[in-house]
Amino acid sequence: MSHLPPPNILLVGGFLAAIASVGASQALVALIEGEGPRVAPLLTGVPSAARVRAFESDLEESSWLARRLRPWAQSLRFSLLREMGDDVVPGRDGWLFYRPSVRYLVEPWPGHRDGLEGSIVSAIAAFRDDLAARGVRMLLVLAPNKASIYPDRLSRRADAVAAVVHDGTLSVIARLRALGIEVVDLFSVFETARRRAEPVDGGRGIAAELYYLGQDSHWSPPGVRLAAAAVARRLLDLGWVERGEAEYALKESRVQRTGDLLRMVRVESIEQSFEPEAFQALQVVDAVTAVPYRDDPGSTVLVIGDSFLRIYSQEDPGAGGLVAHMARELRLPLSSLVSDGGGATLIRQTLSRKPTLLAGRSVVVWEFAERDIRFAMEGWPVVRLR
Amino acid sequence: MTAIRTERGLQGIAVALTAAAAVIGVSCRRQPAAPSAAGADSKVTELGSIEVTARLVEIPEGAIFKREMYDYATVLKYQVLEVHRGDVSEETIYIGHYNPFKPRSEAADRRVEGIGGNLEVFRAGQMHRMALEVPIDDYFMGGIVNKYFGRFEGPIYWAVWTDEAGE
C-alpha cells in the first residue's frame, strides 16, 4: 500500500474540511436556534427531482456560512476582476447590463428556436384573437433590451453601432406582422434618435440625451418620452384612438436613483463604489390644477406591461412613466396594469382571471421586454380569455 | 482484493451515513400540533376575513425563487384542516403568498403593507395557520406566479398573515 505524500494529505484534508465546514456550521446554527436539521424534509417525504432541487435551492439561500462569506467573496471578485455576480455585467463608462439581456443578444439561440418562436407567435395571436372577439384591438410594444440600443456601452467592439437587433427579435416581429398583428418598432425609433442626436464625445456615438439609465436595466426619462410619442403616434395613425381634450403640462423633477442592476448585486461595498444616478425627470400634471397625472380606470385604452411601465410611475417622481406620457400625447387619461417581470404571460393570466378588467375597453396596448422572447417567466403558453 | 475491500468499506460508510441522516431527520421532525391551538396569535385571529389551518401540499418546481429585481406573489396548494373563521367549503385551496422567498416577518414592504407572520421558510408538508382574503386580485395587483394556472376553477386566496402550526 502506497502512502500519500504530506502535501497531498494536507490538500485532501483541507478540501474535505472546507466542504464539511458548510454542513457542520449549518447544523451548529440550527441546533443553537432550536431548529431541526435542514435535511429532515428531504428524508421524510417521497424523493423526487423537484424535492431535491427545492432542497438544494433552500440550502444555497439559507446557509449561514454562505450568507456570511458571499459578500466578502463578491467584494473580492469585484476588486480583482470587476465581476458583479450572476445577474450583472459591467460595461464601459460605469454602465451596467442585466445578464439575461446580454445573453439574449450575444448567445446563439438554442436548437429549439423554431419551436420557441412558434409558441410566442401562437400565444400572441391567440391573445389578439380573444381580444378581437370582445371588440378590443391590440397594439404590441416590445421594450428593447438596453444592450440592444447601447451595444457600444457594453463593448468597444460595437463602437460604431447605434443599435443592434437580434435576428430572433426581427423574426418574431416579422411573423407577427404577417399575421396582421400591429407592432411598434421601438428599435428603429431609438436607433434613429441616437443617430440624429448631437454626439458629445467626438463622434463615438454617445448622444447628449441618453435613452437608457447607466445603472438600471430600464429606459431613461428621455427614452420614456420617445417611446410614448411613438406608441401614441401609432394609435392615432391607425385611427384606433382619437385625440382627447385633456390638458396636460410637464413639470421638471429631480430624481436620484440607485439602479436596479446595482441593487441586484446585494453587496453594500460594491453599491457604495457607485454614485446614485441623478437626473431630471418630467412629470405629467394637469395643466390647470398641476395635480400629477392619474389613470382613469374607466378609460377605453388599457396599457398592460412590466417594469418598463412601472419606472417613474410607481417610483419617483410618479406620473412620469410611459403611460402618463402616452396620455399627454393623446390628451386622454388611460388605464394601466403592471406585472413586474411578468409582461409576457403573468399579465395575460391576470386578465384571464379577471376579465372585468377588459370591460369597456376598445384598445389594449401590450408592452413586454425584448428578452422575454427567450426568457419569459412561465414561458409562452396560450392563455385564453374567459 | 484490496479494491473489493475498499468498495465494501465505502458501501458500509454510505449505508451508515444514510441511516444516521434518516434517524436524525425523523427524530428532529417536529411533532404535529393540534390544529385548533397551534399558531394562534393575535394577528392571525384578527386580520383578514377568513382564518384556516391548512397543510402545504407541495411546492412546485420554480414556484419560489429569489428575485432581486421585482416583487411577486406565488400560488401554493393547501389541504384545509380546519376553518376557524369565514366560509371555506373546498378541501383544497390555492393561496397566494407575497415574495415567498422571504421570512413572513420581512415580507411586507412599501408596496404590500400589513402582511406578515412567524413562518421562516415554506416547506412542503408544513401546517400553516393563516389569515386570508379572497380573491387575490382585489388585494394584490402585480405578478402572480401560478403553476396551477388552468388546473382549477376556484378562487385564489391572498395570505395576509401566515404562522407556522407544526409539521
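Right above here is the structure, for reference.
Conventions used here
Along every chain, residues carry numbers that run from 1 in the direction the sequence is written. Labels are handed out in written order, letters beginning with A for the chains and numbers beginning with 1 for the ligands. Only residues with pLDDT of 70 or above have their local features reported here, since the model is predicted, and side-chain atom pairs are shown and tallied only from 80 upward, although totals for entire chains, interfaces and linings are computed over all residues. Note: side-chain values were computed over all heavy atoms of the structure, leaving out hydrogens and water. Patch membership is restricted to residues that have no salt bridge and whose relative accessible area is over 30%. Joining uses 9 Å for like charges and 5 Å for the nonpolar side chains Val, Leu, Ile, Met, Phe, Trp and Tyr. For accessible areas, the Shrake-Rupley method is used with a probe of radius 1.4 Å. Any residue's cover is judged against the shown protein chains and nothing else. Any Lys or Arg side-chain nitrogen found within 4 Å of a carboxyl oxygen on Asp or Glu counts as a salt bridge. Segments assigned H or I by DSSP are reported as helices when at least four residues long, segments assigned E as strands when at least two residues long, and all are numbered from the N terminus. Pairing between two strands is assigned when DSSP locates at least 2 bridges connecting them. For helices, the fitted axis covers only the stretch in contact; all axes are lines through C-alpha atoms, and the angles between them, taken along N-to-C directions, range from 0 to 180 degrees. With respect to orientation, any angle under 35 degrees is reported as roughly parallel, any angle over 145 as roughly antiparallel, any angle of 65 to 115 as roughly perpendicular, and every other angle as oblique. The hand of a helix crossing depends on one turn: near helix anticlockwise from the far one by less than a right angle means left-handed, and clockwise means right-handed. The criterion used for residue contact is that any of the two residues' heavy atoms lie within 4.5 Å. Side-chain classes are defined by residue name, with Ala, Val, Leu, Ile, Met, Phe, Trp, Tyr, Cys and Pro counting as nonpolar, Asp, Glu, Lys and Arg as charged, and the others, Gly among them, as polar.

Q: I'm lost on a nonpolar patch on the surface in this one. Help?
A: Nonpolar side chains collect at one region of the surface, where L4, I9, V12, F15, L16 and I19 of chain A lie side by side and expose about 590 Å² of accessible area between them. Its location among the elements puts I9 of chain A in helix 1 (residues 6-32).

Q: So what exactly am I meant to see when it comes to the sheet that holds strand 9 (residues 363-369) of chain A here?
A: Within a beta sheet, neighbouring strands are joined by backbone hydrogen bonds and run either parallel or antiparallel to one another. All names here are of chain A. Taken together, the five strands give an open sheet; going across it, the order is 4-3-9-7-8, and neighbouring strands pair in parallel fashion. Looking at which strands have only one partner, the edges of the open sheet turn out to be strand 4 (182-184) and strand 8 (335-338). Strand-to-strand twist of the sheet, defined as the mean angle between neighbouring strand axes without regard to direction, takes the value 20°. Relative to strand 8, strand 7 (residues 301-305) is paired through four bridges, and the arrangement is parallel. Bridging from a neighbouring strand, I304 pairs with L337 of strand 8.

Q: When you look at the pairing of strand 1 (residues 50-58) of chain B in this model, what are you seeing that I'm missing?
A: On any regular strand, side chains alternate: one points to one face of the sheet, the next to the other face. All names here are of chain B. In this structure, strand 1 lies alongside strand 4 (residues 127-133), joined through six bridges in antiparallel fashion. Bridge pairing in strand 4 places V52 opposite M130. By the bridge criterion, seven bridges tie strand 1 to strand 2 (residues 73-85) in an arrangement that is antiparallel. By the bridge assignment for strand 2, T53 is matched with E82.

Q: Where do I start with the packing of helix 10 (residues 221-238) of chain A against helix 14 (residues 322-330) of chain A in this structure?
A: Packed helices, taken two at a time, are described by the angle between their axes plus the distance between the axes. Residue and element names in this part refer to chain A. In contact at an axis separation of 8 Å, helix 10 and helix 14 are set at 45° when each is read in the N-to-C sense. As the angle between them shows, helix 10 and helix 14 are arranged oblique. Taken as a pair, helix 10 and helix 14 cross one another with a handedness that is right-handed. Two secondary-structure elements touch here, helix 10 through V224, R225, A227, A228, A229, V231, A232, L235 and L236 and helix 14 through L322, H325, M326, E329 and L330. Of the residues contributing to the contact of helix 10 with helix 14, the split by class is eleven nonpolar, one polar and two charged.

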